Structures are given as structure tokens and as C-alpha cells.
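Results of the structural survey
These are the residues of each chain, in order.
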Amino acid sequence: MLSALIVSLKVVGVATLVIGVVGTLLALLLARVRFPGRTLLELVLTLPLVLPPTVVGFFLLYVLGRGSPVRDWLGLDLLFTWQGAAVAASAVGLPLMLQSARAAIAAVDPQLEDAARTLGRSEPEVLLRVTLPLAHRGILAGLFLGAARALGEFGATLMVAGNIAGRTRTLPMVVYDAALNGDLALAAQTSLLLSGIAFLALFATRRLEQPAQR
Amino acid sequence: MRAAIAVLLALLLAACAGREAAPPDEGETTLLVSAAANLADVLPPLLDAFQEQTGIRVQVNYGNTAQLAAQIERGAPVDLFLAADRQHVETLAAKGLVLPDTVRVYARGRLVLWWRADSGLALSSLEDLQSASVRRIAIANPDQAPYGAAARQALQRLGLWEALQPRLVIAENIQQAFQYARSGNADVAFTALSLVVNESGQRLEVARELYEPIDQALAVVKGTPREAAARRLADYLAGPEAAALWQRYGYELPALVSR
């Protein structure tokens, strides 16, 4: 279980970073820029939220595997690596981040941004000093939710990264294997650990959404 | 916000550090085997013996045969494929993704009916499944799992399939079917002898003429940089030294059956 915990932490660490950076940029794009195909992009990015994870994994197997640009042109061979697992975890965590961050950014009053512009602030400054600070609660709430979802990812990860002890076996896979092999004690312990972490992430999300209440 | 970012960066650094430290076994060969989940018990002792003899380390990716085949098809860095059937290996061979001369049957599965000792059931033939005291029969998905298909075949040949339909509980695989019966949620389960050979409980082996042989085939994946070592492992697993262990874990050996 310890090696799976380490794998899970690495996967969630990288996935959280990816979800945070990519999610914030995409949320800005979707909330503030009008362009053809915006709805289509939003729907495609939200798909992993509702698709069975094995379907997401199956797509990713093609995106990352033999014959794909990622592998053949970029030379990134991510199948059966924990980095590949991080890609799968990011894909399923991203929609949760987008929902929350996009709403938070859209709720920032454009007049405040315009005020900053009339005071001579450049666009990046407006973004960093006005828009993002005002939306930070929604962005962080989405980040925690996305990270929690990434931690619990199972189906897509299994497809893309396999289930190799010490290499790509994550905590949810330990639960699955233990339950199938009748090791109910290990399954229960690991489930409790995962539940505890997920509970903390949800609690943090809640506090961010409703700061005044206790 | 700063604290959150600091934690993230720390995690990322730790992750990268872990990556640097990952390959400690310079010069030592490590093979990656994709193996059907029903091998989870028998494979570790076999691989330990192989490593002791050759110094070659083996890591295993356990999973569902169809999924493992899909991964190999997309170029997963697997050296050797141990399937739960023959068909998936032969399909990969036809597509030129495994080395055709390495394809061979390494073990033959045995179908059993299993039930808890404390269930009060006394079954001496499959016909006894019609008894009113057998309410739920767990079976692996007959359209996907080889042992599920074999169980369906046996029940069909005995003319029991239709009558028993309402009592069937379909599991995803044989491990799950077995867990249904072990936990008492099903009265009996069709499963592999290899899964229950070291379990307490009652079992009844299904007569072999009632189902097509459950042949499990292996093949070395084409293009692996560790082909020589993978071939050695394939030879070892299908060879005479491994035979006793396969049999102890409830498998038959095709070489001994057919030749």
C-alpha cells in the first residue's frame, strides 16, 4: 500500500498542477473570449465528467499510443508510466475545475477590469491583479474538487497506465485488487484512507465556497 | 493561495526526484509481463523461481485479457503477454503485433463449481443446481470471460441453461463470481479451480467433455528490446520446470493432455 500511496501522490501532484494551469487558462478562454466553436470546446472538455472512465481511457490509449502524434512526433511514450496515469487523472479532473473556475471568472464584474484598464494597466496586469484575485475562491474550489477526482481515478488510469505494482498501481487499484482477491482488510483500510483524503478536499472546497459560514 | 502553490510545487519536485531515482537496476534486465488476472496466485512463485535462476526481474501488469490486448495493440511497452484464452493472442499474431513463433498454450484451465462449506448444500452433479435450495448461481460474463463461456456451454449441453437462467448472477470475471459465493451473496459459483485450490469450501469439478478446453496462450510482443529475455521467460513458463507449480495451482498442461 505504501508504494501505491507514493504513486498516487505523484500522479495527483502532477495532475493538480496540470488541472490548475490548463484549467485556469481554459476557464479564462471560455468565460471571457467569444470564438466560433466555444460551446463545442466546452462540451468536449466536459465529456470526461459523464463518460464511463474506461471510455476516456480507451480514447487516451489512442491519443497516447502507437500511431498518435504525441508518441510518434513528440517522442513521448507515456503508456504504462505514472506520467500517463497523471494524464488520465487530469482528463477526468479537469471538467470539475472548469465548471467552478469558469463560473467564478464570469462572475467578476467587467467594469472593475475596465477601471483597471483606464488606469493604464496592461492586460496581463489586469488578469493577475484584478480578475484572478477576485475569482480565486472559485478557482481553488475547482482545483480541490479536480484533485480529489484525480485521486479517485481508476478506469481510465487502468487502461492507459496498467496496474503494475510500484510503478503505476494507485490506491484505487489496490482496493480493486484486494476486493477481488478477498483481502477485505486491505481493501477496507485503503478505502478509508481514500475516503479521508477526499473528505478533506471536499471540506476545503466547501469552506472556499462559503467562507463566512462555519 | 501561496500555501497551496507551495504544496503543489513540493509535490511536483518530489515527483520529479522520484523519477530520477527510478532506474537503480543498471545493467539488470527487468521484463514487463501483461498477465490475465486469474494468474495472480500462481505467477508470483513462478517468477521468483525464474529470477533466482536467471537474475531477470519481472514486473506484472494484471488485467482483463481484452484490455491487455488493446494496450499491446496501442504500443504499451510489454515484453510478454499471458492471456486467459487463445483467441486474443492469435488475433494479435494475425495483426503482426506478437512474434508468431512464440505463440503457444502454456496452461489449460479447469472449471469448477464452488460453494461454502457452511451453506448446507450437498451437490454431487450439475443437475443438483435445479434444487430449490440453490437460489443464486454466480457465473462470469459468458460473452467475455472464458470460464463464463465454458460454464454456459456445460449447462447448455446438459440442457439446464434455460431452466437455470433466472438464478444466474452475472459477474465481471471469475474472481468476482467467486467473491459473490464466498461472501454468501450467491449460493454457488462457477469459477476456475486455480482460484479455489487453496480455499476451504466444497467444490465439484465440471466434467471436461462438457466444455471446450480453456487454453491460455502466451506470446512475446514484437519489437521489444528485451526479446531474448522474454523468450527465456516464455520457455520457462511453458517448460518442464514450471509444470509442477502449474498443476499444484489447479491448471492442466496442454502438452501432457494432448501429446
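Residues numbered from 1 in each chain as written. Chains lettered and ligands numbered in written order. Predicted model: local features only at pLDDT ≥ 70, side-chain atom pairs only at ≥ 80, totals over all residues.

**Re the overall build of chain A**
Note the threshold: Think of it this way: any DSSP run of H or I at least four residues long counts as a helix, any run of E at least two long counts as a strand, and we number them from the N terminus. A residue is called partly exposed when the number of other C-beta atoms within 10 Å of its own lies between 12 and 20, exposed at 12 or fewer, and buried at 20 or more, with C-beta atoms placed from the backbone. Any two residues are considered in contact once their C-beta atoms, placed from the backbone, lie within 7 Å.
Tallying secondary structure elements over chain A gives 10 helices and 0 strands in all. For chain A, the succession of helices and strands along the chain, N to C, is α-α-α-α-α-α-α-α-α-α. Dimensions of chain A, computed from the C-alpha atoms along their principal axes, are close to 65 × 50 × 25 Å. A buried classification covers 44% of the 214 residues belonging to chain A. Residue pairs in contact within chain A that sit at least 24 positions apart in sequence constitute 78% of those at least 6 positions apart.

**Re the packing of helix α7 (residues 123-152) of chain A against helix α10 (residues 184-209) of chain A**
Residues and elements named next belong to chain A. Cut-off, in case you're wondering: Lines fitted to the C-alpha atoms define the axes, with helices restricted to the stretch that makes contact. Angles between their N-to-C directions range from 0 to 180 degrees. Reported orientations rely on four angle classes, namely roughly parallel under 35 degrees, roughly antiparallel over 145, roughly perpendicular from 65 to 115, and oblique for the rest. The hand of a helix crossing depends on one turn: near helix anticlockwise from the far one by less than a right angle means left-handed, and clockwise means right-handed.
At a closest axis distance of 8 Å, the pairing of α7 and α10 adopts a crossing angle of 165°. Relative to α10, the element α7 lies roughly antiparallel. Note on packing geometry: the crossing formed by α7 with α10 is left-handed. Listed contacts from α10 to R137, L140, A141, F144, L145, A147, A148, L151 and G152 of α7 are L194, I197, A198, A201, L202, A204, T205, L208 and E209.

**Section: the environment of A:V63**
Residues and elements named next belong to chain A. Mapped onto the elements of the fold, V63 is located in helix α3 (residues 53-64). On the basis of neighbour count, V63 is assigned to the partly exposed category, with 16 C-beta atoms found within 10 Å. Between the C-alpha atom of V63 and that of V160, which follows or precedes it by 97 residues, the distance is 10.0 Å.

**Here's the deal with the interface of chain A and chain B**
So the rule is basically this: Residue polarity follows a fixed list, in which Ala, Val, Leu, Ile, Met, Phe, Trp, Tyr, Cys and Pro are nonpolar, Asp, Glu, Lys and Arg are charged, and the others, Gly among them, are polar.
With 25 residues of chain A at the contact, the number on the chain B side is 25 residues. Those elements giving two or more residues to the side of chain A that touches chain B turn out to be α1 (2-32), α3, α7 and α8 (155-161) of chain A. No other element matches the 7 residues that α1(A) contributes to the side of chain A that touches chain B. A per-class count over the side of chain A that touches chain B returns 12 nonpolar, 9 polar and 4 charged.

**Quick look at α7(A)**
Selection rule: By this rule the span expected of a helix is its residue count minus one, scaled by 1.5 Å. One axis fitted to the seven residues ending at a residue, another fitted to the seven starting there: the angle between these axes is the bend at that residue.
The end-to-end C-alpha distance of α7(A) is 37 Å, clearly below the 44 Å that 30 residues give at a rise of 1.5 Å each. Along its length, α7(A) shows its largest kink, about 60°, at A:H136.

**Some thoughts on the domain arrangement of chain B**
Residues and elements named next belong to chain B. Rules: Each domain's extent was defined by an automatic or database domain assignment.
When its domains are assigned, chain B resolves into domain 1 (26-108 + 214-258) and domain 2 (110-210). One C-alpha centre belongs to domain 1, the other to domain 2; they are set 27 Å apart. Taken together, the 13 residues of domain 1 in the interface contact 14 residues of domain 2. A per-class count over the side of domain 1 that touches domain 2 returns 7 nonpolar, 3 polar and 3 charged.

**Describing the sheet that holds strand β1 (residues 30-36) of chain B**
All names here are of chain B. Inclusion rule: Pairing between two strands requires that DSSP report at least two bridges joining them.
The strand order β2-β1-β3-β10-β4 describes an open sheet built from 5 strands, whose pairing is mixed. The open sheet is flanked by β2 (57-63) and β4 (104-109), the only strands paired with a single partner. Averaged over neighbouring strand pairs, the angle between their axes works out to 20° when direction is ignored. By the bridge criterion, 7 bridges tie β1 to β2 in an arrangement that is parallel. Along β2, the bridge assignment pairs V33 with V60.

**Some points on the environment of A:D77**
Residue and element names in this part refer to chain A. Locating D77 in the fold gives a position in the loop between α4 (69-72) and α5 (82-106). By the C-beta count within 10 Å, which is 18 here, D77 ends up partly exposed. Expressed as a C-alpha distance, the spacing of D77 and L64, which sit 13 residues apart in the sequence, is 7.3 Å.

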